[in-house]
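Close look at the chain arrangement
Spelled out, the chains give:
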Amino acid sequence: MLKKDLRSLYKNRRDLIDNESLSNSSLSIANGLLKLPVWSYDFYHIFLPISENKEIDTTYVLSILQGKDKNIVLPKVVDKTTLEHYLLTDSTRLVKNEWNIPEPVDGIEIPSTKIDVVFIPLLAFDEQGNRVGYGKGFYDTFLSQCRPDVIKIGLSLFSAEGELITDVNNLDMPLDYCVTPTKTYSF
């Protein structure tokens, strides 16, 4: 399938999820993450959800990271394709940007090369670890700036798409894992 078709299909599927199901699924995903062999690292990059888009509630994952005393890094959109990354501290002030993404105002900037694990938002993914996001390219650009050994973990409310994504290109960065409410995929 084409990315644009998957984008439309999965946005519609997500719109149909009620808040209780979204919360339960988000908790199941966080619990699934605990089973991955990724907890010996130091710097974990995580997105904060656009609640209006019914994105996965990552506060459960944040609680795990804080409980394990990990360095948590949050993204901030700085232009059409670029993210900056800031350490989450007790004094981090968050505001919603033009797309309703909560992001840090400022703080301690962390270079992409220092990040060990990235939790990635997505709309859909296939059984090869290819993913479909909103189509702006933020994460592909960011992941290309990370070390080659960075661990890329997608978080999805839905299972892998049965058909392969047909318009994958050399700039698309595949996942290492994807965690859904019912299954964890390893690629």
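Refer to the structure presented above.
I will try to describe carefully the structure that is included in this document. As the structure is a computational prediction, the values presented were derived from the model and not from experiment.

Attention now moves to the overall build of the protein. Summing up its helical and strand segments, the protein has four helices and 11 strands in all. Expected size for 187 residues packed as a compact globule is a radius of gyration near 16 Å; at 15 Å, the protein falls within 12% of this value. Taken over the C-alpha atoms alone, the protein extends approximately 45 × 35 × 35 Å along its principal axes. The buried share of the protein, taken over its 187 residues, is 50%. Sequence separation of at least 24 residues holds for 72% of the intrachain contacts in the protein that already meet a minimum separation of 6. As displayed, the protein offers around 9,300 Å² of accessible surface, 49% of which is attributable to carbon and sulfur atoms.

Here we come to the pairing of strand 6 (residues 117–121). For strand 6, the tally of buried residues reaches five of five residues, placing the bulk of the element in the interior. Judged by which residues are buried, strand 6 turns out to be covered on both faces: V117, F119 and P121 on one side and V118 and I120 on the other are all buried. Taken together, the two bridges between strand 1 (residues 43–45) and strand 6 define a ladder with parallel strand orientation. Counted as the bridge partner of H45 is V118 from strand 6. The pairing of strand 6 with strand 9 (residues 151–155) spans five bridges and is classified as parallel. Counted as the bridge partner of F119 is I153 from strand 9.

This part covers the pairing of strand 3 (residues 83–87). Two faces make up the sheet, and in a regular strand the side chains alternate between them. Along strand 3, four of the five residues are buried, which leaves the element largely enclosed by surrounding structure. Counting the residues between successive antiparallel strands, the hairpin from strand 2 (residues 71–77) to strand 3 contains five residues.

In total, this model carries seven salt bridges according to the counting rule given. Between R147 and D116 there is a salt bridge whose closest N-O contact spans 2.9 Å. Here R147 is found in the loop between helix 4 (138–145) and strand 9, whereas its partner D116 is found in the loop between strand 5 (102–104) and strand 6, with 31 residues between them in sequence. The salt bridge partner of D176 is K152, with a shortest N-O separation of 3.3 Å. Placement of the pair is D176 in the loop between strand 9 and strand 10 (177–179) and K152 in strand 9, with a sequence separation of 24 residues. Relative accessible area serves as the criterion here: at 8%, K152 is assigned to the buried category. Connected through shared salt-bridge partners, D116, R147 and D149 make up one network.

Attention now goes to the layout of surface pockets. Approximately 680 Å³ is the volume found for the largest pocket. Forming the boundary of the largest pocket are 31 residues, of which Y134, K136, G137, F138 and Y139 lie nearest the centre. Looking at the lining of the largest pocket, the elements that each hand over two or more residues are helix 1 (3–15), strand 2, strand 8 (131–132) and helix 4. For the lining of the largest pocket, the per-class residue count stands at 16 nonpolar, seven polar and eight charged. Roughly 160 Å³ of internal volume is contained in the second largest pocket. Here the lining of the second largest pocket is composed, by residue class, of three nonpolar, three polar and three charged.

The rules behind each value
- Residues numbered from 1 in each chain as written.
- Predicted model: local features only at pLDDT ≥ 70, side-chain atom pairs only at ≥ 80, totals over all residues.
- Heavy atoms only, no water.
- Helix = DSSP H or I, 4+ residues; strand = E, 2+ residues; numbered from the N terminus.
- Rg over C-alpha atoms; globule rule 2.2 N^0.38 Å.
- Buried < 20%, exposed > 50% of the residue type's maximum accessible area, 1.4 Å probe, protein only.
- Contact = heavy atoms within 4.5 Å.
- Areas by Shrake-Rupley, 256 points an atom, 1.4 Å probe, with all protein chains shown as cover.
- Pairing = 2+ DSSP bridges.
- Salt bridge = Lys/Arg side-chain N within 4 Å of Asp/Glu carboxyl O.
- 1 Å grid on protein atoms, 1.4 Å probe; cavity = no way out; pocket = protein on both sides within 12 Å on 5 of 7 lines; lining within 4 Å.
- Points joined across faces, edges and corners; volume = space filled by probe spheres on them.
- Nonpolar A, V, L, I, M, F, W, Y, C, P; charged D, E, K, R; others polar.

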